[in-house]
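Structural features, examined
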Amino acid sequence: MKDLSLHILDIVDNSVKAGASKVEVQLNYRGDILKITIRDNGCGIAPSLIESVTDPYTTTRTSRKVGMGLSLLKMNAERTGGSVSIESKPQKGTTVNATFITSHIDCRPEGDMANTLAMIISGNPQVNFKIKIVKNDRLFEISSEEIEEILNGIPVSHPKVNLLIRDILKENV
């Protein structure tokens, strides 16, 4: 992954494929530390797989024999002095925590976080996304459910709503 926003896109894609109806993405900026947390209520990861899920040769897919997303996330976080932890309960959901030291020379750039988050929300209208950003002790939250309520049911998948979400996120990321 060439930037951190793509890691988020990959993990959220896993959540959607796991049948999640709710996904929370948290970005917590503290000095030069960025903690990314992605929590879902999907099908979870079997206890027998949880220890090996960051191994690139561990995957539940039948279409290919490798799963690079979590292993690349772990590698990129650890290169900066950060870490990755994964908690999961079958039929309850999964939480992925990744910590990056953003001042480290090996830290990937953040990427276009606002556009990526807006695309995640607009591209998955069946999922209630909650985005939570803590930056300089300032909290910003937005959810797809809240957006649709404010817009009187106009779907988050509408192209103009996507632009609105992106602009709101740009102001707050």
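Attention in this report is confined to the structure presented alongside it. (Residues numbered from 1 in each chain as written. Predicted model: local features only at pLDDT ≥ 70, side-chain atom pairs only at ≥ 80, totals over all residues. Heavy atoms only, no water.)

So, on to the packing of aromatic side chains. Under the criterion given, the structure shown has zero aromatic pairs. One residue, Lys135, lies across the ring of Tyr29, its end atom 4.7 Å from the ring centre. (Phe/Tyr/Trp six-rings, centres within 6.5 Å; stacked < 30°, edge-to-face > 60°. Lys NZ or Arg CZ within 6 Å of the ring centre and 35° of its normal.)

For the rest of this paragraph, the subject is helix H1 (residues 4-17). With 14 residues, H1 should cover 20 Å at 1.5 Å per step; its first-to-last C-alpha distance of 20 Å lies within 8% of that length. The complete set of buried residues in H1 reads Leu4, Ser5, His7, Ile8, Asp10, Ile11, Val12, Ser15 and Val16. Considering only its buried residues, H1 is in contact with strand E1 (22-30), strand E2 (33-40), helix H3 (69-79), strand E4 (93-101), helix H4 (113-123) and strand E5 (128-135). Directly beyond the C-terminal end of H1, a positive phi value near 85° is found at Gly19. (Helix = DSSP H or I, 4+ residues; strand = E, 2+ residues; numbered from the N terminus. Expected span 1.5 Å × (residues − 1). Buried < 20%, exposed > 50% of the residue type's maximum accessible area, 1.4 Å probe, protein only. Contact = heavy atoms within 4.5 Å.)

It is worth spelling out the environment of Ile45 at this point. Mapped onto the elements, Ile45 comes out in the loop between E2 and helix H2 (47-50). Ile45 gets classed as buried once you look at its relative accessible area, which sits at 16%. The sequence separation of Ile45 and Val12 amounts to 33 residues, and the corresponding C-alpha distance is 14 Å. The residues contacting Ile45, other than those within four sequence positions of it, are Ile50, Val53, Ile86, Ser88, Pro90 and Thr94.

Moving on: unusual backbone geometry. A positive phi angle, near 50°, is found at Asn136, a position not held by glycine. For Asn136, the position within the fold is in the loop between E5 and strand E6 (138-143). Note on Asn136: relative accessible area 69%, which makes it exposed. Look at Asn152: it is not a glycine, yet its phi comes out positive at around 50°.

This part covers the environment of Val156. Residue placement: Val156 occurs in the loop between helix H5 (144-150) and helix H6 (159-172). Judged by its relative accessible area of 1%, Val156 falls in the buried class. For the pair Val156 and Asn14, spaced 142 residues apart in the sequence, the C-alpha separation amounts to 20 Å. Discounting chain neighbours no more than four positions away, the residues touching Val156 are Ile121, Ser122, Pro125, Ser144, Ile147, Glu148, Val161, Asn162 and Ile165.

Here we take up the pattern of salt bridges. Applying the stated criterion across every chain, the model contains six salt bridges. The shortest N-O distance in the salt bridge between Arg39 and Glu24 comes to 3.8 Å. A residue pair is termed long-range when its members are at least 10 positions apart, and Arg39 in strand E2 and Glu24 in strand E1 qualify at 15 residues. Using a relative accessible area of 18% as the deciding quantity, one classes Glu24 as buried. In this structure, the salt-bridge partner of Glu78 is Lys74, at a minimum N-O distance of 4.0 Å. With Glu78 and Lys74 both in helix H3 and four residues apart, the pair spans about one turn of that helix. Residue Lys74 is classed as partly exposed on the basis of its relative accessible area of 28%. (Salt bridge = Lys/Arg side-chain N within 4 Å of Asp/Glu carboxyl O.)

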